[in-house]
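# Examination of the molecular architecture
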Amino acid sequence: MPEDIIPGATPPEGGESAQRSEPETTLSGEARTSAAQERAAEHHPEDWRSSLPAAWADKLKDVAGEEDAVRALERGLSYTPALKPEDVELDYPDGIQVDEGVRDNFRQFCVDKGITPVQAQALLDWQLAANKEITDAVMAKGKAELQKLWGSRFEENSAKALKAVVALDKRMGGRLSETMAFSGMNNNPVLVEAFHAIGTLISTDALSGGRAAPAPDKPETAEETYNGMFNK
């Protein structure tokens, strides 16, 4: 009989192996999550999200790869939207008449939509360029129509129309040219033709402006407004 066996004693359940079993270890929730991530990484080494905190991994679940994640992070770090209208400082080209109400509404729009000041300026530049492209096309078309209508008398008739604009603008205290420039009416070839007709009907003395007070200082003169009709 082996010396380590005591006669009459009942061996423990599981026999000798039970005596050598180690006590169970209880893992915390955080440790279990970490262990699960490690096992996932072992089975799916291509899943780069497995090493990230759970919240980060969830935010990046639709990102294809690590390089895309880095680009998304860089975009996020450089995203600095305007927090108040004053943050949106807009630069306008010289000679542009700015409607302050429209400008302020646009600045507030940028704040509401999370647009950065740099993006706001880019939007303004694009809109101004698009407007100029449209205006230039309208002016070129109008000039071509008048050249076809007037033929060799184009320059002569244009000069007479200009005199009519200047005379009427002086009599109206500068309001005519200002309104035409601001509303875009100076791009209408029909108006040029109408001013030519007025210039033909009224006398030379009347076209000189008479004793009317000169137009007040403003960004654009009557001559400039008229010349804008022909893109001169």
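Residues numbered from 1 in each chain as written. Predicted model: local features only at pLDDT ≥ 70, side-chain atom pairs only at ≥ 80, totals over all residues. Heavy atoms only, no water.

## A few points about helix α9 (residues 189-201)
If you check α9, its first and last C-alpha atoms are 19 Å apart, about what 13 residues at 1.5 Å a residue would give, namely 18 Å. Buried residues of α9: P189, V192, F195, H196 and G199, and no others. Taken end-on, α9 shows its buried residues confined to a sector of 115°, consistent with a single buried face. Along α9, the residues that are exposed and aim more than 90 degrees away from the buried face are V190 and L201. Residue N188 occupies the N-cap position of α9, its side-chain oxygen lying 2.9 Å from the main-chain nitrogen of V190. (Helix = DSSP H or I, 4+ residues; strand = E, 2+ residues; numbered from the N terminus. Expected span 1.5 Å × (residues − 1). Buried < 20%, exposed > 50% of the residue type's maximum accessible area, 1.4 Å probe, protein only. Arc of directions from axis to C-beta. Polar contact = N/O pair within 3.5 Å; in protein donor to acceptor, adjacent residues only side chain to side chain.)

## What to know about the packing of helix α7 (residues 154-171) against helix α8 (residues 175-183)
Between two packed helices, what matters for the description is the angle formed by their axes and the separation of those axes. Following both chains from N to C, one finds α7 and α8 inclined at 115°, their axes separated by 6 Å at the closest point. Here α7 is positioned roughly perpendicular relative to α8, judged by the angle of their axes. Across the interface between the two elements, V165, L168 and D169 of α7 pack against R175, L176 and S177 of α8. For the contact of α7 with α8, the residue count by class is 3 nonpolar, 1 polar and 2 charged. (Axes fitted to C-alpha atoms, helices over the stretch in contact; angles between N-to-C directions. Parallel < 35°, antiparallel > 145°, perpendicular 65-115°, else oblique. Contact = heavy atoms within 4.5 Å. Nonpolar A, V, L, I, M, F, W, Y, C, P; charged D, E, K, R; others polar.)

## Topic: the pattern of salt bridges
Overall, the coordinates contain 5 salt bridges when judged by the stated rule. The partner of K132 in a salt bridge is D136, and the shortest N-O contact between them spans 2.7 Å. Separated by 4 residues within a single helix, K132 and D136 lie in helix α6 (residues 117-150), roughly one turn from each other. Of the residues examined, K132 reaches a relative accessible area of 52% and is grouped as exposed. We note a salt bridge from E156 to R153, for which the minimum N-O separation is 3.1 Å. Given a relative accessible area of 43%, E156 falls into the partly exposed group. Several salt bridges share partner residues, and in doing so they unite R103, D104 and R107 into one network. (Salt bridge = Lys/Arg side-chain N within 4 Å of Asp/Glu carboxyl O.)

## Topic: the nonpolar core
A general feature of soluble globular proteins is that nonpolar side chains tend to end up buried together. Formed by L146, W150, F154, A161, A164, V165, L176, M180, V192 and F195, the largest nonpolar core amounts to 10 residues. Contributing elements (two or more residues each) for this core: α6, α7, α8 and α9. With 4 residues, α7 is the largest single contributor of residues to this core. Counting residues in each nonpolar core, the second largest holds 8 residues, with V88, C110, V111 and A120 among its members. (Core = buried A, V, L, I, M, F, W, Y, C linked by side-chain atoms within 4.5 Å.)

## Description of the packing of aromatic side chains
What characterises a pair of aromatic rings is the spacing of the ring centres plus the angle enclosed by the ring planes. For the coordinates displayed, the defined rule picks out 1 aromatic pair. Both rings, one in W150 and one in F154, keep their centres 6.2 Å apart while their planes meet at 45°; by these two values the pair is tilted. Taken as a pair, W150 and F154 share a single burial class, namely buried. (Phe/Tyr/Trp six-rings, centres within 6.5 Å; stacked < 30°, edge-to-face > 60°.)

## What to know about the environment of T116
With respect to the element layout, T116 can be found in the loop between α5 (100-112) and α6. As a C-alpha pair, T116 and Y79 span 37 residues in sequence and 7.2 Å in three-dimensional space. Dropping the residues within four chain positions of it, T116 is found in contact with Y79, T80, P81 and A82.

## Some details on the environment of F109
Looking at where F109 falls in the secondary structure, it is placed in helix α5. By relative accessible area, F109 is classed as partly exposed at 39%. In this structure the C-alpha to C-alpha distance between F109 and P85, which are 24 residues apart in sequence, comes to 8.5 Å.

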